[in-house]
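Structural overview
So you can see what is in the structure, the chains are spelled out below.
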Amino acid sequence: DGAFVDANISFDGCIAYLSTENGYKTVATVLNREQKPIYRYYSRTRYLNACAVSEDGALLAVASLEEQDSLFRSGVTFFRTDEEMADRETEQGSSVSQDLGSGLIYELCFLDGDDLLAVCQNQLVFLRTDGSRLYKMPLNDESLLDYSVSEDGWVILALRTDAGGDRVLTLDAEGELLGELKPEGRVRSVSAAEGCAAALTERSVGGYERR
């Protein structure tokens, strides 16, 4: 009866999606690899705008947006999907949350079983699934052009500075720098798979090791 807000698929084929339903701000649903629903989270008071599911469908991560003291705040909450499907508006049980400030969260990506990347309006945040923050990369003087996540848990980023120069970074699941490249020409897209990275510029396409 409602609309889809966001969706995510794990590397092994589990699915999470957000939808609107009567009586709730947003409903999050997790499907296993047979596309059968195994978990739902019903939110009455907060809008959810991004979601991610870990491999085996064990963990659901949702990004929320709510107003506090006339200011909008974003946060990430992790839920265990082996708990009973129920209305968890009170966030009791094993769920954990991390406040990420006023910037909108665009996308969530599980990097491995313990770590998550939150792509935000003004920063990239690496989180542990226990709610702790591992690393924050501000985007004050750079804009994110593209990114890609490898199945074995590392990330490639393409960034453009305010001065116009582009650079490509690879980082591990905890946000530690693996390598950096300053290609000739503007970067169009990047891709990551196992130990290999690729960057497409306006002049060429190149393949690299992730370090």
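Scroll up a little and you will see the structure.
Here is a short report on the structure shown in this document. (Residues numbered from 1 in each chain as written. Predicted model: local features only at pLDDT ≥ 70, side-chain atom pairs only at ≥ 80, totals over all residues. Heavy atoms only, no water.)

To continue, consider the environment of L157. With respect to the helices and strands, the residue L157 is situated in strand β14 (residues 155–161). Judged by its relative accessible area of 1%, L157 falls in the buried class. Discounting chain neighbours no more than four positions away, the residues touching L157 are L124, M137, L144, D146, Y147, R167, V168, L169 and L171. (Helix = DSSP H or I, 4+ residues; strand = E, 2+ residues; numbered from the N terminus. Buried < 20%, exposed > 50% of the residue type's maximum accessible area, 1.4 Å probe, protein only. Contact = heavy atoms within 4.5 Å.)

Before going further, it helps to examine the pattern of salt bridges. Under the criterion given, the structure shown has 13 salt bridges. For E66, the salt bridge goes to R46, with nearest N and O atoms at 4.0 Å. Here the residue E66 occupies a position in strand β6 (residues 59–68), and R46 occupies one in the loop between β4 (37–43) and β5 (47–53), the gap between them amounting to 20 residues. Judged by relative accessible area, which is 25%, E66 ranks as partly exposed. Through salt bridges with shared partners, a single network forms among D12, R33 and D56. (Salt bridge = Lys/Arg side-chain N within 4 Å of Asp/Glu carboxyl O.)

The next point concerns the sheet that holds strand β13 (residues 142–149). In space, the 4 strands of this open sheet follow the order β13-β14-β15-β16, with antiparallel pairing throughout. Only two strands of the sheet have a single neighbouring strand rather than two, namely β13 and β16 (177–181). Each strand of the sheet is rotated relative to its neighbour by a mean of 20°, with strand direction disregarded. The pairing of β13 with β14 spans 7 bridges and is antiparallel. When the bridges of β14 are listed, S148 appears paired with I156. (Pairing = 2+ DSSP bridges. Axes fitted to C-alpha atoms, helices over the stretch in contact; angles between N-to-C directions.)

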